[in-house]
Amino acid sequence: MAFVITSPCKDEKAGECVEVCPVDCIEEGKDMFYIDPAICIDCGACEAVCPVEAIYIEDEVPEAETKYIDINRKYFEEQ
Ligand code: SF4
């Protein structure tokens, strides 16, 4: 399980999440930020500070946003 960043981050990229993540697993992509599911420790700190409520624990991602679970994972597979 990991936290997942979803579409409200696109073009918003507020970035507060990056500053609070204790394991430094949030990276900035071209359009949004991404969470590395292999490193995330599920602390929830990023979710609490996101001003656009873009971050969810994986099993609570809204139905319309579930593709972002793969989008976050794939971003790190392609690095
Ligand atoms: Fe980082 Fe915690 Fe958010 Fe995971 S849940 S991305 S460890 S701040």
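In what follows, the structure referred to is the one given above.
Remember, predicted model here, so these are calculated numbers, not experimental data. (Residues numbered from 1 in each chain as written. Predicted model: local features only at pLDDT ≥ 70, side-chain atom pairs only at ≥ 80, totals over all residues. Heavy atoms only, no water.)

Caption draft 1: Geometry of the site of the ligand. In the vicinity of the ligand, 14 residues are found, and the nearest of them are Cys21, Cys40, Cys43, Gly44 and Cys46. Across the shell around the ligand, the residue classes tally to twelve nonpolar, one polar and one charged. (Near = heavy atom within 4 Å. Nonpolar A, V, L, I, M, F, W, Y, C, P; charged D, E, K, R; others polar.)

Caption draft 2: Main features of the side chain of Asp36. Turning to its location among the elements, Asp36 is positioned in the loop between strand 3 (33–35) and helix 2 (45–49). Buried and unpaired, Asp36 has no salt bridge, with Arg73 as the nearest side chain of opposite charge at 9.4 Å. Within the structure, Asp36 has its side chain in polar contact with the backbone nitrogen of Ala38 (distance 3.0 Å). (Helix = DSSP H or I, 4+ residues; strand = E, 2+ residues; numbered from the N terminus. Buried < 20%, exposed > 50% of the residue type's maximum accessible area, 1.4 Å probe, protein only. Lys, Arg positive; Asp, Glu negative; His and termini not counted. Salt bridge = Lys/Arg side-chain N within 4 Å of Asp/Glu carboxyl O. Polar contact = N/O pair within 3.5 Å; in protein donor to acceptor, adjacent residues only side chain to side chain.)

Caption draft 3: Spatial organisation of the pattern of salt bridges. Evaluated as defined, the whole model comprises four salt bridges. The salt bridge partner of Lys13 is Glu28, with a shortest N-O separation of 3.0 Å. Of the two residues, Lys13 sits in the loop between strand 1 (3–5) and helix 1 (16–20) while Glu28 sits in strand 2 (residues 26–28), which places them 15 residues apart along the sequence. Glu28 gets classed as exposed once you look at its relative accessible area, which sits at 52%. The partner of Asp70 in a salt bridge is Arg73, and the shortest N-O contact between them spans 2.3 Å. Here Asp70 pairs with Arg73, and both are found in helix 3 (residues 67–77), just three residues apart, close to one helical turn. For Arg73, a relative accessible area of 32% gives the class partly exposed. Each of Asp70, Arg73 and Glu77 takes part in salt bridges that share partners, so that together they form one network.

Caption draft 4: Summary view of helix 3. Along helix 3, the residues that are buried comprise Tyr68, Asn72, Tyr75 and Phe76. End-on view of helix 3: buried residues confined to an arc of 90°, all on one side of the axis. Turned more than 90 degrees away from the buried face of helix 3 sit Lys67 and Glu77, all of them exposed. Residues of helix 3 that are buried in the fold lie against strand 1, strand 2 and strand 3. (Arc of directions from axis to C-beta. Contact = heavy atoms within 4.5 Å.)

Caption draft 5: Layout of empty space enclosed by the protein. Enumeration over the complete set of coordinates arrives at two cavities of 30 Å³ or more. Quantified by volume, the largest cavity comes out at close to 90 Å³. Counted by class, the lining of the largest cavity contains eleven nonpolar, one polar and three charged residues. What the second largest cavity holds in volume is close to 70 Å³. (1 Å grid on protein atoms, 1.4 Å probe; cavity = no way out; pocket = protein on both sides within 12 Å on 5 of 7 lines; lining within 4 Å. Points joined across faces, edges and corners; volume = space filled by probe spheres on them.)

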